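What the coordinates show
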Amino acid sequence: MPTARFLRRFLRFCLIAGLSCAAGQADTGRGAAMQIDVAFLAGQSNGDGRAPASGLPEPFRAERNDVLLYSHLHGEAPNADGTLGKLGPLRPGRTQFPAGAFGPEIGIGHTLATELSRHSPERRLAIIKYAKGGSSLYGDWRAAGARGGDDGPHYRIFKKVARDGLDALRTLHPDARIRLRALVWIQGESDTSAGLEIAKSYAENLRVMIEAFRSFAKEPDLPVVVTRLSANQLKLSAPDRPEHAPFWAVRECQDKLPSLLRGVKTVHTDGPEFSFLPDRLHFDAQGQLAIGIAVAEEIVAWDGAKFSIPSPAIGP
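In what follows, the accompanying structure is described.

The rules behind the values
- Residues numbered from 1 in each chain as written.
- Predicted model: local features only at pLDDT ≥ 70, side-chain atom pairs only at ≥ 80, totals over all residues.
- Heavy atoms only, no water.
- Axes fitted to C-alpha atoms, helices over the stretch in contact; angles between N-to-C directions.
- Helix = DSSP H or I, 4+ residues; strand = E, 2+ residues; numbered from the N terminus.
- Parallel < 35°, antiparallel > 145°, perpendicular 65-115°, else oblique.
- Left-handed = near helix turned anticlockwise from the far one by under 90°.
- Contact = heavy atoms within 4.5 Å.
- Nonpolar A, V, L, I, M, F, W, Y, C, P; charged D, E, K, R; others polar.
- Expected span 1.5 Å × (residues − 1).
- Buried < 20%, exposed > 50% of the residue type's maximum accessible area, 1.4 Å probe, protein only.
- Phe/Tyr/Trp six-rings, centres within 6.5 Å; stacked < 30°, edge-to-face > 60°.
- Core = buried A, V, L, I, M, F, W, Y, C linked by side-chain atoms within 4.5 Å.

1. Comments concerning the packing of helix α5 (residues 153-172) against helix α7 (residues 202-217)
- Contact pair α5 / α7: the axes reach a minimum separation of 12 Å and the direction vectors enclose 30°. Relative to α7, the element α5 lies roughly parallel. Along this stretch, α5 crosses α7, giving a crossing that reads as right-handed. Contact residues: Tyr155, Phe158, Lys159, Ala162 and Arg163 in α5; Met209, Ala212, Phe213 and Phe216 in α7.
- Taken together, the residues that form the contact of α5 with α7 break down as seven nonpolar, no polar and two charged.

Structure follows, in structure tokens:
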């Protein structure tokens, strides 16, 4: 049953979606100069999305043509030119599985795009997404950073998708100004299954990855929003689970990260609006939409001056 808080948010964004119908039909081809604000989305299965789109309220099911989504799904073949990812209007269905599912990009996209349109009709939003279910920060998303060694396989893919996505945006809108607005990180579950020591290293591993990506993107002040593991993920958090102690260690690391690194916010997901599928691990449609809205609200709450500085081309 949706909570009163979620219903208030839902009604507000249903109204926003209705008012934004005209914007949703905007031309996404070549044309007038505009500003494109870019949000990167990365993580594991709850970042990819396991919630069936059939559970979405109607305003969020349709394509929104004023929001571009560039996404690569694990297992998709490279494009003919070697790039990874596909560009199109924001819509549900760009998840590894199940077919027709969606992730946080829907709530993020609708919320941020509407906020941007209030400032200027020439501002557009693009989300660049790569997430892989079951992937770990300590291994798969490891960033070499100052420690040397190699990047983890999914971090390498994410950097390529980020670069290819920005190139695709510049090709589609050659006169547009690109602004890198935020990195959204939705991950942590896999780091609870490798023992307590790995879990306790989560904050340092994520700090290194964030700093490495900021350097790669040539944006040292790129805002970062991290979603915290939910106490209601009982498949991991329950006292009788082997992941119990590592789970709470990862959560503690996620809580303290903003004190270790500037420009980082942690979104808590313990509230009843962040509801789950029967597996008690993956967020359902209401939960995924609530995550996207909450993340977007944190991005909007940032000092707007940080988003007015032109972004350079992303690093090699």
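Still more to cover.
2. Thoughts on α5
- Along its 20 residues, α5 runs 29 Å from first to last C-alpha, staying within 8% of the 28 Å computed at 1.5 Å per residue.
- Within α5, the full set of buried residues consists of His154, Tyr155, Phe158, Lys159, Val161, Ala162, Asp164, Gly165, Leu166 and Leu169.
- Looking at the buried side of α5, the elements it contacts are β1 (35-43), β3 (64-71), β4 (86-90), β6 (123-131), β7 (177-186) and α7.

3. A few points about the packing of aromatic side chains
- For the structure on display, the rule yields nine aromatic pairs.
- Relative to tryptophan 141, the ring of tyrosine 130 has its centre 6.0 Å away and its plane inclined at 40°; by these criteria the two rings are tilted. Here tyrosine 130 is found in strand β6, whereas its partner tryptophan 141 is found in the loop between β6 and α5, with 11 residues between them in sequence. Of the two residues examined, tyrosine 130 and tryptophan 141, each falls in the buried class.

4. As for the nonpolar core
- Val38, Phe40, Phe158, Trp185, Leu206 and Phe213 are the most contacted members of the largest nonpolar core, which totals 49 residues.
- Elements with a contribution of two residues or more to this core: β1, β3, β6, α5, β7, α7, β8 (224-227) and α9 (244-260).
- It is α7 that contributes the most residues to this core, 10 residues altogether.
- Setting aside chain neighbours within four positions, we find phenylalanine 40 in contact with Ile128, Phe158, Ala162, Leu166, Leu180, Ala182, Leu183, Val184 and Phe213.
- In terms of nonpolar packing, the next biggest core, distinct from the first, is built from 34 residues, Val267, Leu289, Ala290 and Val295 among them.

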